[in-house]
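# Architecture at a glance
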Amino acid sequence: MDSQPVDPRTLSVGQRVSILVKALDGAKRTNEALANCSNGDQMVEVLLDASRKLGLGLTRAELTRTPPIRDWIWWKNKEALLTIGDAKPRYQQDGDQGRPVAATDGAQPRKKFLGLF
C-alpha cells in the first residue's frame, strides 16, 4: 500500500492551525519575530509568512478567528477576553500579585477575598 502525502490545504482550518502551532515550537527565528511584533497585525503577517512557507494556505481571516492564534493576537493587542473586579483587565491584575496594594486618596487598601468552593 502506497501512502500518498496529504495536501495540507485540504485539511480543516483547525487542523492547519494546529500544524502551524506545532511548527512554531522550536522555530527560534519565527518566535523571535513574533515576540518583537508591536501589535496583532504584525503577528498575523509573521504567521501568514510561516503558513505560506509550510504550504498551509491559511488566510488572515482564518488566523484571526481560530484559537489559539486568535487569543495570541488579542493578548498582543492587550484586548482582555474578560475583566474582573474594577474593570481592570485580568492580565494587568496578574502583574500585581504578591505586591501590597497602595492606598490612594487616603483610602484603606482593598481587602482580598478568598472564596470557598
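It should be emphasised that the depicted structure is a prediction, and the values quoted were computed from it without experimental measurement.

Conventions we followed
- Residues numbered from 1 in each chain as written.
- Predicted model: local features only at pLDDT ≥ 70, side-chain atom pairs only at ≥ 80, totals over all residues.
- Heavy atoms only, no water.
- Helix = DSSP H or I, 4+ residues; strand = E, 2+ residues; numbered from the N terminus.
- Contact = heavy atoms within 4.5 Å.
- Salt bridge = Lys/Arg side-chain N within 4 Å of Asp/Glu carboxyl O.
- Buried < 20%, exposed > 50% of the residue type's maximum accessible area, 1.4 Å probe, protein only.
- Expected span 1.5 Å × (residues − 1).
- Arc of directions from axis to C-beta.
- Core = buried A, V, L, I, M, F, W, Y, C linked by side-chain atoms within 4.5 Å.

## What to know about the side chain of Thr66
- Mapped onto the secondary structure, Thr66 falls in the loop between α4 (60-65) and α5 (69-76).
- Contact partners of Thr66, with chain neighbours within four places excluded, come to Val13, Gly14 and Val17.

## Side note on the pattern of salt bridges
- Summed over the entire model, instances satisfying the criterion amount to six salt bridges.
- Between Asp49 and Arg52 there is a salt bridge, with its nearest N and O atoms 3.2 Å apart. With Asp49 and Arg52 both in helix α3 (residues 40-54) and three residues apart, this pair spans about one turn of that helix.
- By relative accessible area, which is 28% here, Asp49 ends up partly exposed.
- The exposure class of Arg52 is exposed, given its relative accessible area of 58%.
- Its salt-bridge partner being Lys53, residue Asp49 comes within 3.3 Å of it at the nearest N-O pair. On the criterion of helical spacing, the pair formed by Asp49 and Lys53 is a turn pair, its members being four residues apart in helix α3.
- Several salt bridges converge on common partners, so that one network encompasses Asp49, Arg52 and Lys53.

## Quick word on helix α1 (residues 13-24)
- Between its first and last C-alpha atoms α1 spans 17 Å; for twelve residues at 1.5 Å apiece the expected length is 16 Å, and the two agree.
- All of the buried residues along α1 are Arg16, Val17, Leu20 and Leu24. Mapping the buried residues of α1 onto a view down its axis gives an arc of 100°, with all of them on the same face.
- The inward-facing, buried residues of α1 abut α2 (28-36), α3, α4 and α5.
- Where α1 ends, the next residue or the one after it, Gly26, has phi of about 90°, a positive value.

## Some thoughts on the nonpolar core
- Membership of the largest hydrophobic core comes to 16 residues, with the highest contact counts inside it found for Leu20, Leu34, Leu47, Leu58, Leu63 and Ile69.
- When residues of this core are traced back to their parent elements, those giving at least two are α1, α3 and α5.
- By residue number, the principal contributor to this core is α3, which donates six residues.
- Discounting chain neighbours no more than four positions away, the residues touching Leu58 are Val13, Arg16, Val17, Leu20, Leu48, Ser51 and Leu63.

Geometric descriptors of this kind do not, in isolation, establish any biological role.
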